[in-house]
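# Breakdown of the fold
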Amino acid sequence: MPTMTISGHQYNLESRSVEAALQGALPEPIHEHFVVINGRRWPPKQVLALVTGLDRADFTTHQARRALTRLGFPAGRAVRARARHPETSRAAAPPSGASGADGPAVPLAEALRPFIGLWVAVRDDDVLVAAPSPAEVVAWLAKHRQRAQSMFRVVGSEQAITSAAPQ
Amino acid sequence: MRFAFRALPSASGGALTPRPVVDIALEGLEVAPVACLLDTGALRTRMSAEIAPLAGIELTGDLTEEFYVGGVKTVGQLARVTLTATDGADGFSWDAPVWFCDPWPHPFGLAGLEGFLHHFLVTINAYDGYLEVEPEPWLQGA
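Quick caveat: nothing in here was measured; it's all calculated off a predicted structure. Residue indices begin from 1 for each chain and proceed along its sequence in written order. Written order determines the labels here, with chains lettered from A and ligands numbered from 1. This being a predicted model, a pLDDT of at least 70 is required before a residue's local features are given, and a value of 80 or more before pairs of side-chain atoms are given or counted; all residues contribute to the totals for chains, interfaces and linings. Excluded from the side-chain calculation are hydrogens and water; included are all heavy atoms of the structure.

Okay, the overall build of chain B next. Labels follow the DSSP assignment, with helices taken as runs of H or I lasting at least four residues and strands as runs of E lasting at least two, numbered in each case from the N terminus. Counting its regular elements, chain B contains one helix and 10 strands. When the elements of chain B are put in sequence order from the N terminus, they spell out β-β-β-β-β-β-β-β-β-β-α. When accessible area is computed with a 1.4 Å probe and restricted to protein chains, residues below 20% of their type maximum are described as buried, those above 50% as exposed, and intermediate ones as partly exposed. Counting across all 142 residues of chain B, residues that qualify as buried make up 51%. In what follows, a contact means two residues having at least one pair of non-hydrogen atoms within 4.5 Å. Of the contacts made within chain B by residues no fewer than 6 positions apart, 52% connect residues no fewer than 24 positions apart. Using the Shrake-Rupley algorithm and a 1.4 Å probe, accessible areas are obtained, with residue cover drawn only from the displayed protein chains. When the accessible surface of chain B is summed, it comes to about 6200 Å², and 51% of that surface belongs to carbon and sulfur atoms. Distance between charge centres in chain B, computed from 7 positive and 18 negative side chains, equals 7 Å. Two residue types count as positive, namely Lys and Arg, and two as negative, namely Asp and Glu; His and chain ends fall outside the count. Note that the charge is assigned to NZ on lysines, CZ on arginines, CG on aspartates and CD on glutamates.

So, in structure tokens, the structure goes:
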């Protein structure tokens, strides 16, 4: 279990406790840096603040990113997504990407894979947010002043789509 | 307006067959247009009832109908709403009857004859994976 000093405080962190701390939270918009945890992209500062209880002003993005990559979480930089949409995060790729690599262009279907069973809001090939209900999706959009291109529920089988036609 | 067919992930790997989907915004919920499957066989336009309150639509239950979707019994409540179809560049608005259904376990709403197809000229190019939607002339002048 790595011991880390952040903003003058010592923490014993492990990946499982980080994953547990994120339960029930939704990732905020990605501005540039992100880490991939449980198949989703998270702003490093949001994660470290949730895990440690520290104020985000007490540490930098790079400190947060370094702490989380030490725990084994892949990290990346949403360069291209940022260039197209200043406040848009590209969907999380499966957490197999190399640490520090730029986010790869992910076709929407693949970007949606971690979110099967959830409602999502998308813009182009970016998943803005995924949540169990459309109300949570819309609340997130309002809170972060985002506008989606489309909102729908992600399913994982042909039958789930074709059965939509009224019998 | 042009909409690329939309593919969802297959739980067993790869992607499902891309489907013709149009994004339709409800008045009051412009930040999150609802993806609707183009369904030339459907009489109604239907969406999840969960969407209605998010757009400030009160479902009074004055006019309801029961029907089966994929073997699931559901109840639709009628509301007249202003809809806007947009591909991000262009957008057209019209007043339409929409049936808000509960339960609605399906990925998309349904854009059917009444409420959608009666208002548009639709060209489906399934080979190239897109559909083009243009409003009827009377709607363009509205």
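Attention now goes to the overall build of chain A. When its secondary structure is counted, chain A shows seven helices and nine strands. When each of the 167 residues of chain A is scored for burial, the buried share is 50%. In the structure as shown, chain A presents an accessible area of about 7600 Å², 49% of it carried by carbon and sulfur atoms.

Let us now look at the nonpolar core. Across soluble globular proteins, nonpolar side chains show a tendency to be buried alongside one another. Nonpolar cores are built from buried Ala, Val, Leu, Ile, Met, Phe, Trp, Tyr and Cys residues. Side-chain atoms within 4.5 Å join them into one set. Judged by nonpolar contacts, the single largest core of 42 residues is most densely connected at B:Val22, B:Ile24, B:Leu26, B:Met47, B:Leu83, B:Phe100 and B:Phe116. Ignoring any residue separated from it by four or fewer positions in sequence, one finds B:Phe100 in contact with B:Leu26, B:Met47, B:Ser48, B:Ala49, B:Ala52, B:Ile57, B:Leu59, B:Val75, B:Gly76, B:Gln77, B:Ala79 and B:Val81. Within the second largest apolar cluster, 26 residues are counted, among which are A:Val122, A:Val154, A:Ile161 and B:Cys101.

Confidence of the prediction at every residue is given by pLDDT, a number between 0 and 100. When pLDDT is averaged along chain B, the result is 91, and 97% of the positions lie at 70 or above. As scored by the predictor, the complex reaches a pTM of 0.78 and an ipTM of 0.94.

What follows concerns the packing of aromatic side chains. All names here are of chain B. Pairing of aromatic rings covers Phe, Tyr and Trp, the last through its six-membered ring, and needs centres within 6.5 Å; plane angles under 30 degrees mean stacked, over 60 mean edge-to-face, and all others mean tilted. The final tally for this structure, using the stated rule, is four aromatic pairs over all chains. Relative to Phe120, the ring of Trp94 lies with its centre 4.8 Å away and its plane at 80°, an arrangement referred to as edge-to-face. Of the two residues, Trp94 sits in strand β7 (residues 91-102) while Phe120 sits in strand β9 (residues 120-125), which places them 26 residues apart along the sequence. Each member of the pair, Trp94 together with Phe120, is buried.

Let's shift gears to the interface of chain A and chain B. Between chain A and chain B, the contact holds 32 residues from the first and 37 residues from the second. Taking both sides of the interface into account, the surface hidden between chain A and chain B amounts to around 2900 Å²; carbon and sulfur atoms contribute 62%. Joining two parts hides part of their accessible area as seen by a 1.4 Å probe, and the buried area is that hidden amount summed over both. Among the residues of chain A in contact with chain B, A:Met151, A:Arg153 and A:Ile161 are the three that bury the most area, contributing 19% of the side total. By definition here, a salt bridge exists when the distance from a side-chain nitrogen of Lys or Arg to a carboxyl oxygen of Asp or Glu is within 4 Å. At the boundary of chain A and chain B, one finds zero salt bridges. Looking at the side of chain A that touches chain B, the elements that each hand over two or more residues are α5 (108-111), α6 (134-143), β9 (150-153) and α7 (158-162) of chain A. Gly is put with the polar residues, along with every residue not named as nonpolar or charged; the nonpolar set is Ala, Val, Leu, Ile, Met, Phe, Trp, Tyr, Cys and Pro, and the charged set is Asp, Glu, Lys and Arg. Residue composition of the side of chain A that touches chain B, grouped by class: 19 nonpolar, nine polar and four charged.

Moving on: the pairing of strand β3 (residues 33-37) of chain A. Regular strands place side chains that alternate from one sheet face to the opposite one. All names here are of chain A. The buried count for β3 comes to five of five residues, which makes it a mostly enclosed element. Where burial is concerned, the two faces of β3 agree: the one with His33, Val35 and Ile37 and the one with Phe34 and Val36 are both buried. Paired strands are those between which DSSP finds at least two bridges. Taken together, the three bridges between β3 and strand β5 (residues 75-77) define a ladder with antiparallel strand orientation. The residue bridging Val35 from the neighbouring strand is Ala75, located in β5. The pairing of β3 with strand β4 (residues 40-42) spans three bridges and is antiparallel. Opposite Val35, over in β4, you have Trp42 as the bridge partner. Taking the residues between adjacent antiparallel strands as the criterion, β3 and β4 are bridged by two residues, where Asn38 takes a positive phi near 55°.

Attention now goes to helix α2 (residues 44-52) of chain A. All names here are of chain A. Looking at α2, one finds that the buried residues are Pro44, Gln46, Val47, Leu48, Ala49 and Thr52. Where α2 is buried, its residues touch β1 (3-6), β2 (9-12), α1 (15-21), β3, β4 and α3 (61-70). Remark: Gly53 follows α2 within two positions and exhibits a positive phi of approximately 80°.

What follows is about the confidence of the model for chain A. Taken as a whole, chain A shows an average pLDDT of 81; of its residues, 80% reach a score of 70 or greater. Here residues 81-105 of chain A is a poorly scored stretch, pLDDT under 50, and it has 65 contacts once near neighbours within four places are set aside; other chains count.

Before going further, it helps to spend a moment on unusual backbone geometry. Residue B:Pro103 follows B:Asp102 across a cis peptide bond; omega there is 0°. Residue position: B:Pro103 is located in the loop between β7 and β8 (109-111). One non-glycine residue, A:Asp124, adopts positive backbone phi at about 55°. Located in the positive-phi region is A:Arg145, a residue other than glycine, with phi close to 50°. Tracing the backbone through its elements, the reader meets A:Arg145 in the loop between α6 and β9. A relative accessible area of 77% means that A:Arg145 is categorised as exposed.

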